[in-house]
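Each chain, letter by letter, is given below.
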Amino acid sequence: ARSGSRPPASLYTTRRGVSCPRINPSPAAAPLPPPPSSPPPLPRDLGSQATMYRAAGSHLRSLKNHGASRFASTSVVKQSSGGLFSWLLGGGSSQLPPLDVPLPGITIPPPLPDFVEQSKTKITTLPNGIKIASETSPGAAASVGLYIDCGSIYETPASSGASHLLERMAFRSTANRSHLRLVREVEAIGGNVSASASREQMSYTYDALKSYAPEMVEVLVDSVRNPAFLEWEVKEQLQKIKSEISEVSSNPQGLLLEALHSAGYSGALAKPLMATESAIRRLDISTLEEFIHENYTAPRMVLAASGLEHDELVLIAEPLLSDLPGVKRHEEPKSVYVGGDYRCQADSPVSCWLICSIILEAYALLLFLCLRLNFL
């Protein structure tokens, strides 16, 4: 091409939508006009990556705009900086105040004094004989327990093992709610229930926040007073007790307390707390109902709470417990310490009979010292 003439049409070509000058190999060619404002072409691999990133950014922006349109009325979106990082992670760290600056709208409670006076125990006795005791506490949690003067010492040969089975049947189905409903109600308020049996008392406890005191007391009393004793639940727990017995029989240390009482005492305390295999075959629903009817009476019950106001506890519990029968309590069965020796043959590196003998001697020495102090 000559100087000053218009370049031929083939001088520019288009590749993938981008116009670029076509290099003339002739050294005598005239200088070409400046290229258009479009960016130079990228290699094939870089161009595909740029297209992918642009598509991903466009997609994220559309999602962000969609979320903002759905929740535009909330304070969270109003406080957002609007950036992509803020949408992904909930806001930049620069928007948060330092840790030593109180958050706006938050009232800091006053610190506890150096000395906190111990709360006093308040006790109220209902007309039927049941006692309600409580202590306040500064924490947010509360613990409520129903304690019954009842255990294996009150069992008869026909009801042997009833205390062990009642511990297993605690917080199961009642006349007012199924086991599933009871569990869901406890979980709904973040509570924790437990039950334990001993030779001289039964205990049922419920731990949760103070604000759920009415629910705690109602579920606790319902579980103790109105057990349904469904046949399939009783059979299931009897099978678990049988498995527990087989596990403990191979572990002499697990039988230590049972051996201690059977060898050291004569009378009520010598009765086994753990149900025996012969007792499992005799236990049934009627045995449990009869045992509760005879021993779960008002004069032998105490409702105790930690973390609740006493007047509030009485107001909640009195309608639930005032109709309990005020039967005169039975005389406590007698027990006599006689001392003894118990030996168990098992494949164990620790000698069970030696431990029992040492503990029995310690009990005998302690009893002798107590009698000597009382005499003096």
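Before any of the text, the structure's been laid out above.
Residues numbered from 1 in each chain as written. Predicted model: local features only at pLDDT ≥ 70, side-chain atom pairs only at ≥ 80, totals over all residues. Heavy atoms only, no water.

> So what's going on with the overall build of the protein chain? Which residues, and what values?
If you tally the helices and strands in the protein chain, you get 12 helices and 10 strands. Per-residue burial over the protein chain gives 29% buried out of 376 residues. Within the protein chain, residue pairs in contact and separated by at least 24 positions form 75% of the contacts whose partners lie at least 6 positions apart. Accessible area of the protein chain: about 24500 Å², with a carbon and sulfur share of 58%. (Helix = DSSP H or I, 4+ residues; strand = E, 2+ residues; numbered from the N terminus. Buried < 20%, exposed > 50% of the residue type's maximum accessible area, 1.4 Å probe, protein only. Contact = heavy atoms within 4.5 Å. Areas by Shrake-Rupley, 256 points an atom, 1.4 Å probe, with all protein chains shown as cover.)

> Please set out the nonpolar core residue by residue, giving values where relevant.
The biggest cluster of nonpolar side chains holds 54 residues, and the ones touching the most others in it are Tyr204, Tyr296 and Leu303. The biggest single contributor to this core is helix α6 (residues 213-225), with seven residues. If near-sequence neighbours (up to four positions away) are discounted, tyrosine 204 is found in contact with Val144, Gly145, Leu146, Ile148, Leu166, Ala170, Phe171, Ser194, Ala195, Leu220, Val224 and Tyr296. In terms of nonpolar packing, the next biggest core, distinct from the first, is built from five residues, Ile153, Tyr154, Ala268 and Leu269 among them. (Core = buried A, V, L, I, M, F, W, Y, C linked by side-chain atoms within 4.5 Å.)

> How would you summarise the packing of aromatic side chains if you had to cite specific residues and measurements?
Aromatic rings considered in pairs are described by the distance between their centres and by the relative angle of their planes. Within the structure shown, the criterion is met by two aromatic pairs. With 6.2 Å between their ring centres and 70° between their planes, phenylalanine 171 and tyrosine 204 make a pair best called edge-to-face. In this pair, phenylalanine 171 sits in the loop between α4 (162-168) and α5 (179-188) while tyrosine 204 sits in strand β7 (residues 202-209), placing the two residues 33 residues apart along the sequence. Taking the centre distance of 5.5 Å and the plane angle of 75° together, the rings of tyrosine 265 and tyrosine 337 count as edge-to-face. Of this pair, tyrosine 265 sits in strand β8 (residues 265-267) while tyrosine 337 sits in strand β10 (residues 335-337), and the two are 72 residues apart along the sequence. Lying across the ring of tyrosine 154, arginine 300 places its NZ or CZ 4.4 Å from the centre. (Phe/Tyr/Trp six-rings, centres within 6.5 Å; stacked < 30°, edge-to-face > 60°. Lys NZ or Arg CZ within 6 Å of the ring centre and 35° of its normal.)

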